[in-house]
Amino acid sequence: MSSLSVLTEDLLIRVYIKLSSDKDRKTWRLVCRDFLRVDLASRRSLRVLRFEFLQSLLSKYTNLDSLDLSVCPRIEDGTVSVLLSRPESKNWTRYLTRLTLSRATGLRYSGLEMLARACPCLEALDVSHCWKYGDREASAISCAKGLRELRMDKCVGISDVGLAKIAVGCERLERLSLKWCMEISDLGVDLLCKKCFGLKALDVSYLKVTCESLRSIASLPKLEVLAIVGCPLVDYVGLWFLENRCPLLQVIDISRCDLVNSSGLMSVVRGHSGLLQLNAGYCFSGLTAMALHCLKDLKNLNTIRIDGAQVSDSSFQIISTNCKSLVEIGLSKCIGVTNTGIMQLVSGCVDLKIVNLTCCRSLTDAALSALANSCRNLVCLKLESCDMVTEKSLDQLGSCCLRLEELDLTDCCGVTDKGLQYLSRCSELSCLKLGLCTNITDKGLAYIACNCTKITELDLYRCTGIGDDGFAALLSGCKKLTKLNLSYCSGVTDRGMQYIGYFEDLADLEMRGLVNITSMGLTAVAAGCKRLADLDLKHCGTIDDPGFWALAYYSRNMRQINMSYCSVSDVGLCMVMGNLTRLQDAKLVHLTKVTLKGFELALRASSVRIRKVKLIRPLRCLLSSEILETLHARGCKIRWD
């Protein structure tokens, strides 16, 4: 008798719930039939990767409350009609509360309405980046009467009429994102605020709304989160409407609103003592002392971002004195950040965990040493283009900030192998960016690989001192790597690519301009990295058809590829575009060996699933009108270079 047979189904379910990753759950399903049965009965969320498995998966998983179809191409009205016509459809729709249809541009109002009516418990819907959606689709969404959360980012065809239909039909909405819905105006926002009183989070970023919209938004009694990023017609007068209104407001983002000044910021701060997060990046050239003094009333403020502002040492003294609870501060591209200012900041804000000092070029080791010594719980530090950073700073980080998970040292030319040796003591690192650090070599990468075994993201852009041996060392320790950028690392050859092929979890690989890589190296990566989804091969001119044949055969999870300036021919291009059934975004610029007929056949082979394609402008007049119309009808955006 198997020892597993003594475990009851209840115990197996309790063990299954503890599995956190999809990889572990997949292994679980393969153990035995009992384990598979537990997976089928217990799984609550499903992210479908391949269209051909959609119907069978939905018939097996009958207790879903969350379904994600955002990376599954070819979802159209007909698909939905077939799925819902089957008797077992009631099994997977009855409990569904969350549905993600982001980028499902082939699905239109008919399919949306069928889904909305078939899912009685639906509370959250994401249709972001469905750029062809208009008011008819909005009307279909309004059939989901119980909707509480809706994301419509970049649904550029939806106007005030469509928003009105949603406001009337979905009065229980609590969270709504309208980012980049350019046809929506003050009129639509006003009606929304009158009908959906219970709104707790609203994003109207990049809309051409005016202060009148803020007057309407100020009437929402339960609003907690408000984003008005990049609204060019909103000024300080609009923020005055918010003063002493929206009493529950906790998070506000007014970044990139060019007409907002310190006076408007003071209005927001004065009326909302419970504010937790304040994002005012790239709003105004300078912060007045009076505006900063207002922060003393925000006892619970934990995040402030003032990127791009003119600051002084006294600014940091005020923040340090009044904002003791800060855990995150954003100072990217701020003018006037000095060693003294940072020292004053960290003397009072010792609980900082996230610090962004991008392009604060005057900072030296003195400031970073003070930061490391004072803020020992630091988790994320961004130092891009802080070119006076040396190994002394990394020594302090490696000694004091042992919880550091993310570090950006892009374009910090003072980083050396010795500095990476010090940094390797931060064993919790998961994301490390070393782009343009031209003084590091394979030796430094070996130090990182030895101790930082949790790294999942590594950026080595234009690190010309890195070669094949660096990746051999990396393979020995950083086996969990999922994202790697080695563009223009000219020392990497096919031997290095063979090492990279052993990173089984690698999903995102950028390898632009690797002139010493041939089809043999690409084949090694394609055969080994079966999870590869995003691949950038631009300017890899020595890779020809055999490499792309390998991609077409092995890389069935590929969603995005850049083949520009490669030596692929008609046959190679057609195989890639035809065989990769999950491919949604392709950049095909300056493929000199591909003929017009080759482009026609490749586009035709992928037309049912491709969502974005980039081509050279002359092809616009040469490609047949039939293929261009077909692509457009199926929701594909063509970018002409």
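Note: the structure precedes this text.
Below: a short report on this structure. Keep in mind it's a predicted model, so treat the numbers as computed, not measured.

## Quick look at the overall build of the protein chain
- When helices and strands are counted, the protein chain shows 28 helices and 24 strands.
- A compact globule built from 641 residues would reach a C-alpha radius of gyration of about 26 Å, and the protein chain, at 27 Å, matches this within 12%.
- In terms of overall dimensions, the protein chain has a C-alpha envelope of 70 × 65 × 65 Å along the principal axes.
- Within the protein chain, the fraction of its 641 residues that count as buried is 53%.

## As for the packing of aromatic side chains
- Enumeration according to the criterion identifies four aromatic pairs in this entry.
- Taking 4.3 Å as the distance between ring centres and 5 degrees as the angle between the ring planes, the aromatic pair formed by Trp180 and Tyr206 counts as stacked. With Trp180 in the loop between strand 6 (175-177) and helix 10 (186-195) and Tyr206 in the loop between strand 7 (201-203) and helix 11 (211-217), the pair connects residues that are 26 residues apart, well separated along the chain.
- Above the ring of Tyr61, the side-chain terminus of Arg43 is found at 5.6 Å from the ring centroid.
- The residue whose ring lies beneath Arg462 is Tyr488, and the NZ or CZ to ring-centre distance is 4.0 Å.

## Observations regarding a positive patch on the surface
- On the surface, Arg103, Lys154, Lys612 and Lys637 cluster together to form a positively charged patch.
- The residue Lys637 is located in strand 24 (residues 637-640) in this model.
- Classification of Lys637 by relative accessible area gives partly exposed; the value is 36%.

## Topic: the pattern of salt bridges
- Applying the stated rule across the entire model yields 23 salt bridges.
- The salt bridge involving Asp585 is made with Arg639; its shortest N-O contact spans 3.2 Å. Here Arg639 lies in strand 24 and Asp585 lies in strand 22 (residues 585-587), a separation of 54 residues in the sequence.
- Residue classification places Asp585 among the buried residues on the basis of a relative accessible area of 10%.
- Three or more residues are tied together by salt bridges with common partners; here these are Asp468, Asp469 and Arg495.

## Describing helix 5 (residues 77-85)
- Among the residues of helix 5, those classed as buried are Thr79, Val80, Leu83 and Leu84. Along the long axis of helix 5, the arc covered by the buried residues comes to 120 degrees, so they all point the same way.
- Next to the buried residues of helix 5 lie helix 4 (54-60), helix 6 (89-93) and helix 7 (109-118).

## Digging into the pairing of strand 23 (residues 612-615)
- Here strand 23 shows one buried face, formed by Val613 and Leu615, and one open face, formed by Lys612 and Lys614.
- The sheet contact formed by strand 22 and strand 23 spans three bridges and is parallel. Each residue of the ladder has a partner; that of Ala586, found in strand 23, is Val613.
- After leaving strand 22, the chain enters helix 26 (residues 596-606) and then returns to the sheet as strand 23, a path that is right-handed.
- Across four bridges, strand 23 lies against strand 24 in parallel orientation. Along strand 24, the bridge assignment pairs Val613 with Ile638.

## Comments concerning the state of the cysteines
- Inspection of every chain in the model, using the stated rule, returns zero disulfides.
- Distance from the sulfur of Cys231, which forms no disulfide, to the nearest cysteine sulfur (Cys257) is 5.1 Å.
- Unpaired in terms of disulfides, Cys294 finds its nearest cysteine sulfur in Cys323, a separation of 11 Å.
- When its relative accessible area of 10% is taken as the criterion, Cys294 is described as buried.

## Section: helix 17 (residues 365-374)
- Across the 10 residues of helix 17, seven count as buried, placing the element largely inside the fold.
- Those residues of helix 17 that sit buried are Asp365, Ala367, Leu368, Ser369, Ala370, Leu371 and Ala372.
- Contact partners of the buried residues in helix 17: helix 16 (339-348), strand 13 (354-356), strand 14 (380-382) and helix 18 (391-400).

## Here we look at the nonpolar core
- Grouped together as the largest cluster of nonpolar side chains are 204 residues, with contacts concentrated most on Leu357 and Met511.
- If one sorts the elements of this core by residue count, helix 17 sits on top with five residues.
- Other than its neighbours up to four places away in sequence, Met511 contacts Leu486, Ser487, Met497, Ile517, Leu535, Asp536, Leu537, Cys540 and Ile543.
- Judged by nonpolar contacts, the second largest core, of six residues, contains Leu12, Tyr16, Leu19 and Phe35.

## A few points about the packing of helix 1 (residues 9-17) against helix 3 (residues 33-42)
- At their nearest, the axes of helix 1 and helix 3 sit 10 Å apart, and the two run at 70 degrees to each other. The orientation of helix 1 relative to helix 3 falls into the category roughly perpendicular. The handedness of the crossing between helix 1 and helix 3 comes out as right-handed. In this structure, helix 1 contributes Glu9, Leu12, Ile13 and Tyr16 to the contact, and helix 3 contributes Phe35, Arg37, Val38, Asp39 and Ser42.

## Some thoughts on the environment of Trp92
- Locating Trp92 in the fold gives a position in helix 6.
- In this structure the C-alpha to C-alpha distance between Trp92 and Ala602, which are 510 residues apart in sequence, comes to 36 Å.

## Here we look at the packing of helix 17 against helix 18
- Where helix 17 meets helix 18, the axes come as close as 9 Å, and the angle between the chain directions of the two elements is 0 degrees. Overall, the two elements helix 17 and helix 18 adopt an arrangement that is roughly parallel. Contacts from Asp365, Leu368, Ser369, Ala372 and Asn373 of helix 17 reach helix 18 at Lys392, Ser393, Gln396, Leu397 and Cys400.
- Grouping the amino acids of the contact of helix 17 with helix 18 by side-chain chemistry returns four nonpolar, four polar and two charged.

## Here's the deal with unusual backbone geometry
- Phi at Tyr565 is positive, roughly 65 degrees, even though this residue is not glycine.
- For Tyr565, the position within the fold is in the loop between strand 21 (560-562) and helix 25 (570-579).
- Residues other than glycine seldom take positive phi values, yet His590 does so here, at roughly 55 degrees.
- Here His590 lies in the loop between strand 22 and helix 26.

## Notes on the side chain of Ser102
- If you trace the backbone, Ser102 turns up in the loop between strand 3 (98-100) and helix 7.
- Judged by relative accessible area, Ser102 falls into the buried class, the value being 7%.

## Looking at the environment of Gln250
- The residue Gln250 is located in the loop between helix 12 (236-242) and strand 9 (251-253) in this model.
- Here Gln250 falls in the partly exposed class, since its relative accessible area comes to 32%.
- C-alpha separation for the pair Gln250 and Cys211, spaced 39 residues apart in sequence, amounts to 20 Å.
- Residues within four places of Gln250 in sequence aside, it is in contact with Glu224, Gly274, Leu275, Leu276 and Gln277.

The rules behind the values
Residues numbered from 1 in each chain as written. Predicted model: local features only at pLDDT ≥ 70, side-chain atom pairs only at ≥ 80, totals over all residues. Heavy atoms only, no water. Helix = DSSP H or I, 4+ residues; strand = E, 2+ residues; numbered from the N terminus. Rg over C-alpha atoms; globule rule 2.2 N^0.38 Å. Buried < 20%, exposed > 50% of the residue type's maximum accessible area, 1.4 Å probe, protein only. Phe/Tyr/Trp six-rings, centres within 6.5 Å; stacked < 30°, edge-to-face > 60°. Lys NZ or Arg CZ within 6 Å of the ring centre and 35° of its normal. Patch = residues over 30% accessible without salt bridge, like charges linked within 9 Å, V, L, I, M, F, W, Y side chains within 5 Å. Areas by Shrake-Rupley, 256 points an atom, 1.4 Å probe, with all protein chains shown as cover. Salt bridge = Lys/Arg side-chain N within 4 Å of Asp/Glu carboxyl O. Lys, Arg positive; Asp, Glu negative; His and termini not counted. Charge placed at Lys NZ, Arg CZ, Asp CG, Glu CD. Arc of directions from axis to C-beta. Contact = heavy atoms within 4.5 Å. Pairing = 2+ DSSP bridges. Right-handed = clockwise from strand over helix to strand, strands pointing away. Disulfide = S-S within 2.5 Å. Core = buried A, V, L, I, M, F, W, Y, C linked by side-chain atoms within 4.5 Å. Axes fitted to C-alpha atoms, helices over the stretch in contact; angles between N-to-C directions. Parallel < 35°, antiparallel > 145°, perpendicular 65-115°, else oblique. Left-handed = near helix turned anticlockwise from the far one by under 90°. Nonpolar A, V, L, I, M, F, W, Y, C, P; charged D, E, K, R; others polar.

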